[in-house]
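# Commentary on secondary and tertiary structure
Take a look at the letters that make up each chain.
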Amino acid sequence: MNTFTTRALSVCTGLVLGLSVSTAAWSAKSLEQVMKDRGLTQKDILAAAKTYTPTGGRDEYLAFASGGQSGHIIVYGIPSMRILKYIGVFTPEPWQGYGFDDESKAVLAMDNPGTKIKFGDVHHPAFSETKGEYDGRYLFTNDKANPRIAVIDLKDFETKQIVANPFFKSEHGGAFVTPNSEYIMSAAQYAAPLDDSFVPLEDFNDKYRGGVTYWKFDNKEGRIDKANSFTFELPPYSQDLSDAGKGASYGWGFTNSFCSERYVGGKGRPPFEAGCSAKDTDFMQVTNWKKAAELVAAGKVKKVNGSYLIPIKQAVKEGLLYLIPEPKSPHGVDVNPKGTHIIVSGKLDSHAWVYSWDKIQKAIKNKKFESKDPYGIPIIAMKDVLHTQVQVGLGPLHTQYDSKECVVYTSIYVDSMVTKWDYCKGKVLDQIHIHYNIGHLVAMEGDSVSPDGKYLIALNKLAIDRFNPVGPLHPQNHQLIDISGDKMELLYDMPIPLGEPHYVVAIKADKLKPEVRYKSGWDSRKDKRSPWKTRAGREKVVRNGNKVDVYGTVIRSHITPEIIEVEEGDTVSLHFTNLERAEDETHGFAVYSQNVQLSLEPGKTVSATFTADKAGVYPYYCTEFCSALHLEMQGYLLVKPKGYKAKAGALKVGQKYTKADFDKQVKTNVDTQAVIDSVVGFITSHNYKDFPEVIALVEDATDQLGFAGEAKKKADAYAAKGDYQNATLWAGQHWQYQVKTADMGLRAKTFLEEHGAKKVK
Ligand code: K7E
Ligand code: CUA
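Residues numbered from 1 in each chain as written. Chains lettered and ligands numbered in written order. Predicted model: local features only at pLDDT ≥ 70, side-chain atom pairs only at ≥ 80, totals over all residues. Heavy atoms only, no water.

One open sheet accounts for 4 strands, arranged β4-β5-β6-β7; its pairing is antiparallel. Of all the strands in the sheet, the pair left with one neighbour each is β4 (126-130) and β7 (158-164). With direction set aside, neighbouring strand axes in the sheet form an average angle of 30°. Both β4 and strand β5 (residues 133-143) contribute to a ladder of 4 bridges, which runs antiparallel. Within the sheet, the bridge partner assigned to Ala 126 lies in β5 and is Phe 140. Along the sheet face, helix α4 (residues 102-109) touches β6 (148-153) and β7 and points at about 30° away from the line of β7. (Pairing = 2+ DSSP bridges. Helix = DSSP H or I, 4+ residues; strand = E, 2+ residues; numbered from the N terminus. Axes fitted to C-alpha atoms, helices over the stretch in contact; angles between N-to-C directions. Contact = heavy atoms within 4.5 Å.)

Next comes the structure, spelled out in structure tokens:
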């Protein structure tokens, strides 16, 4: 490197890092060396500085990504692209105990007899909205394969409800939310009979149907209200995605389609793909949910199979349903923030098509239709409602809106790029290359009425050569792009090894207010106190015939009870409550060979029911490394053979203790108490009550200290009787509680020091 570039580089890197040249001499030098060693350019360094988040730092946005066939939702931060959580939705997820405890098994079993289905194909997550803004309360998502919608509460990032579509056999176009979360839209994809009967393909046109369901969301309960949801019957055109109108188009929904040819391939006929892309146009289906809801409320819609179904005929008669031609096997339908325009992409074409809501409304008002489809639905002429068409690149799919008016980003699948364009003026502004074959893309709060711009993430279908090879199945690639300037800049590649990504939604992180603990004894899936909640000291085992209920607790570092005895053939229900109040003090619970893995976050109560069908010894233990003595957090489930008679005699101890052992332990305890006293002194001399995190730690520490006092009393009583065996063991337990108290006290002290607590006395 010549002197000029070296100098230019040190000045430049000094600026990049916001450091003056003099104070940054050494770091500029070492940075230069790192760049040289790793072959990094200045552009790389700039990209790194835009995404690097120092230890303890937080992200500005949180992304909720569809986990595809994994059936999960993936949560990560932007711009750091650090993964924070996988949320089990349609698929069991052992870390969270999802699908392993009775409470979450019940969620997976909703509309899923016997939990037979163990996976979901997640495509489109969507946030709950208030006045068209993301409100950070709920997330909804769909399962395309087994037409279902799930509700995730963002208070604790847990799945609370799953509902199956009463009519469809697949469901792609969901979840899309109306501006006040009145309804969640979900459209069918592959046409099928609306009931479960067999209908031969010869009857495809007459008996196969599509549809779009408007799931009623009860915003107060935070659950879908199945009884008041309704579905529009639609022709057997493959419904694609949907979007809800907003602003000017509030009260309406838009669902595009492909294969309006109603072609069926196979059995010697040319394949589906040939027949399904033959025509030049398919249809956008425009539905009026507001008026439909009024009809439902007025009792004018009939229930079929227990659910409201609006037949095509009725929808047409009431003016609730219209068709608009869309060019070339379209994909994606995206309403702009004001609700005045709708963008559709022709995926076999190089154009995006912008429709004007104003013109659509006029055509509807004036009953100006060009014709009817075979099912009698009025068709509005494309030329009457098209605002403009723009050549954006080959294979356009999805569109996201920028914070700047009229500016949008469209994913271009075949050309592997993102096109930035102006839909008002109809011109292309910028293009950037993507690796490879982008599907959806997401801009910050891009589906809301006030998108933030800033970042865009390309959700790519193929990674090919972008990462170290890991066998024939490759991870997905999420590429972060800076869209704050005129030119798009690629910042970061993030592999996601979980499932085909479809859509992602991103919300401003400070809109989310997740809790760090549950109210004690909480059933998180039902959102109320569990009937199985247990307080410290109230643990018990209740037998009723051959049904055994164990009311247990967990706290650092023991499980109560530590021995559970049942008989072969008993049905055992374990109910554990985590007594901790401290942040992040989760315990786990696993039993040998019973497929039990529980996650007990602070305050939570969960249950596990199984049949103890084989006599034997079943160790159980805590699966979260919760404390220094985590490995000792253990116990035994003893399944006794039928008619077993206990042997006479007590447990044989492995170790004998003397007075010297006891005295030694007591000295240790006195020393530990001195540490605790000094920590307590520090905390109480500061304004710790101004810090809720510290108050929780102090509460927990006080609890532990209470237990310590009880253990000490027992130790002293045994010592007075000269029973140094039990005296030493209880003195040891006293010390255990002291250690936990000290541990929490120190955490509280560190927190106060790091958060600028003030001395008050
Ligand atoms: Cu384009 Cu399912 Cu949204 Cu995938 S869909 S890309
Ligand atoms: Cu509790 Cu490990």
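Resuming the write-up.
Moving on to the state of the cysteines. In this structure the tally under the stated criterion is 2 disulfides. Cys 259 shares a disulfide with Cys 276; S-S distance 2.1 Å. What sets the handedness of the Cys 259 and Cys 276 disulfide is the S-S torsion sign, and at about -60° it is left-handed. Of this pair, Cys 259 sits in the loop between β13 (252-258) and α6 (272-275) while Cys 276 sits in the loop between α6 and β14 (281-288), placing them 17 residues apart in sequence. Under the relative-accessibility criterion, Cys 259 is labelled buried at 4%. The class for Cys 276 is buried, based on a relative accessible area of 13%. The side chain of Cys 406 participates in a disulfide bridge whose partner is Cys 424; the two sulfur atoms lie 1.9 Å from each other. (Disulfide = S-S within 2.5 Å. Buried < 20%, exposed > 50% of the residue type's maximum accessible area, 1.4 Å probe, protein only.)

Close inspection of predicted coordinates is inappropriate in any region flagged by low pLDDT. Across the chain, the average pLDDT comes to 93, with 96% of residues at 70 or higher. Predicted confidence for residues 1-22 stays below pLDDT 50, and this span has 18 contacts to residues more than four positions away or in other chains. (pLDDT = per-residue confidence, 0-100.)

Looking now at the environment of Tyr 618. Mapped onto the secondary structure, Tyr 618 falls in strand β43 (residues 616-621). Judged by its relative accessible area of 5%, Tyr 618 is buried. When residues no more than four places from it in sequence are discounted, the contact partners of Tyr 618 are Val 591, Tyr 592, Ser 593, Gln 594, Gly 635, Tyr 636, Leu 637 and Val 639. Within the structure, the side chain of Tyr 618 is placed 2.6 Å from the backbone oxygen of Lys 614, a separation counted as a polar contact. (Polar contact = N/O pair within 3.5 Å; in protein donor to acceptor, adjacent residues only side chain to side chain.)

The next subject is a positive patch on the surface. Together, Lys 519, Arg 529, Lys 533, Arg 535 and Arg 538 line one region of the surface with positive charge. According to the relative accessible area criterion, Lys 533 is partly exposed, its value standing at 44%. (Patch = residues over 30% accessible without salt bridge, like charges linked within 9 Å, V, L, I, M, F, W, Y side chains within 5 Å. Areas by Shrake-Rupley, 256 points an atom, 1.4 Å probe, with all protein chains shown as cover. Salt bridge = Lys/Arg side-chain N within 4 Å of Asp/Glu carboxyl O. Lys, Arg positive; Asp, Glu negative; His and termini not counted. Charge placed at Lys NZ, Arg CZ, Asp CG, Glu CD.)

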